[in-house]
Every structure is written in C-alpha cells, then in structure tokens.
Amino acid sequence: MKILLTGGAGFIGSHTAVALIENGFEPIIVDDFRNSEPFVIKNIEKIVGKKITSYSSDIGNKEEVKNILQKENPIGVIHFAADKAVNESVVNPMKYYQNNVLNLINFLEVIDIAKINSFVFSSSCTVYGVPDKIPVKETASIKPAFSPYGYTKQVGERILNDFFKSLPSSSLTLLRYFNPIGAHPSGLIGELPIGVPSNLVPYITQTAIGKRKKLTVFGKDYDTKDGTCIRDYIHVVDLANAHVASLKKGLESKDSIKVFNVGTGKGASVLDVITAFEKVSKHDLNYGFGPRRAGDVPKIYSDNTLIKHELDWDAKFSLEDCLEHSWNWEKNLIKFKYKSAKKQD
Ligand code: UD1
C-alpha cells in the first residue's frame, strides 16, 4: 500500500517514512530538498533495511507531481511539505503564502482524490493562538494568527476542510502538532536546522556541542511556575506513529474529517527542558536570560484525550528520552555532510 509523503525527507516526514514501513506501508517520498538533505533518504534505508522510492521534485510543480501520482498510484497522502519558521514568516510572508498555501492548492488540483482514500495534513497548535483554556482541546476557538506561518496553517486547514466536505469518499485528518523534538533512537535521522536554529532544543544541543556560545532563555517573568514559557514537547517518533494511526483510521472510515491534537498532554517550562537536558547529557549548559520573544504564547499544552480514545495512540517517550535522542543526533551530525552545516550563522 503506497503512501505519498510530500516533504518526506524533512524532520517529521523522515520519521513517518520509517513508521510507515514498520506498519507494512510503502512510503513514496516527494521532496525538493530545499530544507532537507539527500543523505536522509540513505539513512532511512539504513534504519529499515530496504530501498525507498523518492523523487526530487517541488510539490508546486503540477506536471512533475501528476506524473509521479500516475506512476505510483498511492492510496493515501501525508502532506508535510511546508515552511515552518515563525520569525522568517514575518520577514518574508510571501514565501509562506506561496509554499504553504499556493502549493497546497496546486497539489490538490492534481491529485486524483477518488483514488486517495486517506489524506493527513501537518497542522500546528499555533492555530489556537493564545488559548483561553489550558489544556487546549480541539474544539477551542481558532484565534487570529500571530504570524503569517500560523495563518497559513489556519488557511490550510480551512481549504482542506472545504475541499474534503465536497467529496464523498475520502477522509481527511488534520494533526495539530505541539512541539516536536527528539530524534530517531538509531541516531541516523533527526532535525536539521538551517543556519541559526530558532527552536529551543536544537539551540540547546548546538550550544552544548560548541556551535553556539550561549542559549538565551526568552523571558523569566511569565506567569508560570518558574517564570519561563510552558510548552508540550512531543517525541518525533511518537508524532510519526500518530500519522500512521491517522492514516489507517482514514483508510477504514473513508468519509470523515477529523482533527487531533498531537501532544503529551503535559506542559514543561524552558527551565524544565534545560534541567532535563543537563541530566541526560551530563553537561552544564551555558545559558542566561533575555527579554521575552515577540509573539511567544506564555503557556500552552494539549488535551490529548481525543487522539488517545479514537486512535488508541499515546506518547511513549519521556522528556528525558527526547533530549537524550536529540543529543545523540547532534553528536552524530559530524559524520554527515550536509549543506545547512555550512550555514551555521
Ligand atoms: C512555535 C509554534 C509551533 C510551531 C513552531 C515552529 C506555538 C505555541 N508554537 O513553537 O506550533 O510548530 O513554532 O517553529 O505557536 N526559547 C528560548 N530560547 C531559544 C529558543 C526558544 O527560550 O533560543 C523558548 C521560547 O521562548 C518558547 C520555547 O523555548 O518558550 C519553545 O520555543 P520554540 O522551540 O521556538 O517553539 P514554539 O515557539 O513554541
């Protein structure tokens, strides 16, 4: 059973490719490697012990995508291909509208939806903005987006909702990720930030290994237990398994639209993450406090009851596991040659 993964060489896509194979599916990766690296495909192959079908194509290229679809005939799609840096989206919003919205529309125009029984979309908890109630449920109201990136996820959800409502026999699952971290326990695949990382965990591991001098904790006066922001950090392998569970459910139900939070249901502060990292890496991290980062939500974590009940899914990895795997990955990275390694600053 072939499943098309757009952006399948990326952080979450690569782990999902592995999880699909472990569950008897055949991933077909389409990725133009603008934010990922060809060695990732080789490393997926090392993990699973078989060859992977992959195409180096831009998902917005209708002709190429049409040909791939005709050749491969997938029964499901997981759509990861998108840009995801919040700050960059403020500086360069058109890049985000082009890649995350226009390319989604282009893609929907060429897929033969009659043949795609299950479509899973990478969404984000960013769609909730600053939630009124925590833990946040899927039924929470969608607030005005903080950034163009957040808005592209809201619009993407809306486009897909409208599109799938008009179709009688395909199912759509929108997965709202909380904060994906960690790496594959093999140390062969993980996150590859381009240039200076904007996310917390790659910044921590790069500081510990000496690529960065010091981590700045953004804000220490939030109304939280230790004054730093609270997030729900989810291991990327757990997140990958949530995609497989969603895809399977969609294939069974054929005509449904579902929305799930994918998080652990637990909040951790920035200082909790630092403490856990210091424990597993046995490193004293060089960090200090700085001002709040514009646009940061003080506190958000998921209510994951729905996905637990409907998909029989749960997060298996602890925060310590996540950080141990992220650290292993950072230490392994030296072995791989990749373009983003050259753009460290
Ligand atoms: C946000 C989005 C998330 C999206 C992600 C993409 C929300 C709630 N979350 O994650 O949906 O997928 O962007 O990048 O909108 N921090 C520091 N120092 C650093 C870096 C981060 O203190 O150098 C802190 C941040 O202030 C924040 C926490 O670490 O409190 C996590 O930040 P980050 O990893 O960037 O993720 P979010 O901004 O939560």
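These remarks concern the structure in this document. Predicted model only: the values in this text are computed from it and were never measured.

1. A few points about unusual backbone geometry
Part 1: The step from I134 to P135 runs through a cis peptide bond, and the omega angle for that step is -5°.
Part 2: Position of P135 relative to the elements: it lies in the loop between β5 (118–124) and α6 (148–165).
Part 3: Non-glycine residue F33 carries a positive phi angle of around 60°.
Part 4: Its location among the elements puts F33 in the loop between β2 (26–30) and α2 (39–48).
Part 5: Accessibility expressed as a relative area gives 13% for F33, which makes it buried.

2. Overview of the site of the ligand
Part 1: Among the 21 residues in the neighbourhood of the ligand, the closest are listed as S124, L200, T216, R231 and D296.
Part 2: Residue K84 places a main-chain N or O atom 3.3 Å away from an oxygen atom belonging to the ligand.
Part 3: Within the backbone of S198, a nitrogen or oxygen atom sits 3.3 Å from an oxygen atom of the ligand.
Part 4: Contact with the protein chains covers 92% of the free accessible surface of the ligand, which is 750 Å².
Part 5: Here the residues of the shell around the ligand sort into 11 nonpolar, 6 polar and 4 charged.

3. Regarding the side chain of H235
Part 1: One can find H235 in strand β10 (residues 233–235).
Part 2: Polar side-chain contacts of H235 include one of 3.4 Å to the backbone oxygen of A183.
Part 3: Apart from residues lying up to four places away in sequence, H235 is in contact with I181, G182, A183, F317, D321, C322 and H325.

4. Examining the sheet that holds strand β1 (residues 2–6)
Part 1: Taken in spatial order, the 7 strands of this open sheet run β3-β2-β1-β4-β5-β6-β11, and their pairing is parallel. The open sheet has two free edges, formed respectively by β3 (53–55) and β11 (257–262), since each of these has just one partner strand. Across the sheet, the mean angle separating the axes of adjacent strands is 20° when strand polarity is ignored.
Part 2: With 4 bridges connecting them, strand β4 (residues 76–79) and β5 associate as parallel partners. What sits directly across from H79, in β5, is F121.
Part 3: Across the sheet, helix α1 (residues 11–22) is in contact with β1, β2, β4 and β6 (171–177); its angle to β1 comes to roughly 170°.
Part 4: Against the sheet, helix α3 (residues 62–72) touches β1, β2 and β3, its axis set at about 165° to β3.

5. Overview of the layout of surface pockets
Part 1: Here the second largest pocket is characterised by a volume of approximately 180 Å³.
Part 2: Lining of the second largest pocket is provided by N23, D238, N241, V244, A245, K248, L311, D312, W313, D314 and K316.
Part 3: The leading source of residues in the lining of the second largest pocket is helix α8 (residues 236–253), at 5 residues.

6. Re the state of the cysteines
Part 1: Counted according to the given criterion, the structure contains 0 disulfides.
Part 2: Of the cysteine sulfurs around C322, a residue in no disulfide, the closest is that of C125, at 15 Å.

7. Examining the side chain of S89
Part 1: Considering the arrangement of structural elements, one finds S89 in helix α4 (residues 86–91).
Part 2: Among the polar contacts listed, one links the side chain of S89 to the backbone nitrogen of Y149, at a separation of 3.0 Å.
Part 3: Every residue in contact with S89, bar those within four places of it in the chain, is listed here: Y96, S147, P148 and Y149.

8. Re the nonpolar core
Part 1: By size, the foremost hydrophobic cluster in this structure holds 46 residues, and its most contacted members are L5, L20, I44, I78, L247 and V262.
Part 2: Of all the elements in the fold, those that place two or more residues in this core are β1, α1, α2, β6, α8, β11 and α10 (305–311).
Part 3: Ranked by the residues each element gives to this core, the list is headed by α8, at 8 residues.
Part 4: Counting 24 residues, the second largest nonpolar core, distinct from the first, contains Y55, V77, I116 and L167.

9. Here's the deal with helix α5 (residues 93–110)
Part 1: Between the first and last C-alpha of α5 there are 25 Å, a value that for 18 residues agrees with the 26 Å anticipated at 1.5 Å per step.
Part 2: Along α5, the sharpest kink reaches roughly 30°, centred on L102.
Part 3: Of all the residues in α5, the buried ones are Y96, N99, N100, V101, N103, L104, N106, F107, L108 and V110.

10. What about the pattern of salt bridges?
Part 1: Summed over the entire model, instances satisfying the criterion amount to 17 salt bridges.
Part 2: A salt bridge links D303 to K137, with the shortest nitrogen-to-oxygen separation between them at 3.3 Å. Here D303, found in the loop between β13 (287–290) and α10, pairs with K137, found in the loop between β5 and α6; they are 166 residues apart in sequence, far enough to count as distant.
Part 3: By relative accessible area, which is 13% here, D303 ends up buried.
Part 4: Taking the shortest distance from any N to any O, the salt bridge between R176 and E157 comes out at 2.7 Å. Remark: E157 occurs in helix α6 and R176 occurs in strand β6; sequence separation between them is 19 residues.
Part 5: On the accessibility criterion, E157 (6% relative accessible area) is buried.
Part 6: Overlapping salt bridges, with partners in common, bring together D32, R34 and D58 in one network.

Cut-offs and rules
- Counting from 1, residues in each chain are numbered in the order their sequence is written.
- In keeping with the model being predicted, local features are shown solely for residues with a pLDDT of at least 70 and side-chain atom pairs are shown and tallied solely at 80 or more, while totals for entire chains, interfaces and linings include all residues.
- Just so you know, side-chain values use all the structure's heavy atoms and leave hydrogens and water out.
- Only DSSP runs of H or I with at least four residues qualify as helices, and only runs of E with at least two residues qualify as strands; both kinds are numbered from the N terminus onward.
- A 1.4 Å probe rolled over the protein chains alone gives each residue an accessible area, and that area as a share of the maximum for its type sets the label: buried under 20%, exposed over 50%, partly exposed in between.
- Neighbouring residues are identified by heavy atoms, a residue being near a molecule or strand if any of them is within 4 Å of it.
- For this analysis, a polar contact is any N or O atom pair within 3.5 Å, provided that within protein one partner can donate a hydrogen and the other can accept it, and provided that sequence-adjacent residues contribute only side-chain to side-chain pairs.
- Methods summary: accessible areas were calculated by the Shrake-Rupley approach with a probe of 1.4 Å, and residue burial reflects only the protein chains presented.
- Under the convention adopted here, Pro, Cys and the residues Ala, Val, Leu, Ile, Met, Phe, Trp and Tyr are nonpolar, Asp, Glu, Lys and Arg are charged, and Gly plus all remaining residues are polar.
- Only heavy atoms matter for contacts: two residues are in contact if any of them lie within 4.5 Å across the pair.
- Whether two strands pair depends on DSSP finding at least two bridges between them.
- Working convention: axes come from line fits to C-alpha atoms, limited for helices to the stretch in contact. Angles between N-to-C directions cover 0 to 180 degrees.
- Whether a set of points on the 1 Å grid over the protein atoms alone is a cavity depends on a 1.4 Å probe fitting there but being unable to get out, while an open set qualifies as a pocket with protein on both sides within 12 Å along at least five of seven lines; lining residues are those with an atom within 4 Å of a point.
- Grid points are joined across faces, edges and corners, and a volume is the space filled by probe spheres set on the points.
- What counts as a disulfide here is a pair of cysteine sulfur atoms lying within 2.5 Å.
- Residues belong to one nonpolar core when they are buried, are Ala, Val, Leu, Ile, Met, Phe, Trp, Tyr or Cys, and are joined through side-chain atoms within 4.5 Å.
- In this scheme, a helix's expected span is set at 1.5 Å multiplied by one less than its residue total.
- Fitting one axis to the seven residues ending at a residue and another to the seven starting there, the bend at that residue is the angle between the two axes.
- Salt bridges are counted wherever a side-chain nitrogen of Lys or Arg sits within 4 Å of a carboxyl oxygen of Asp or Glu.

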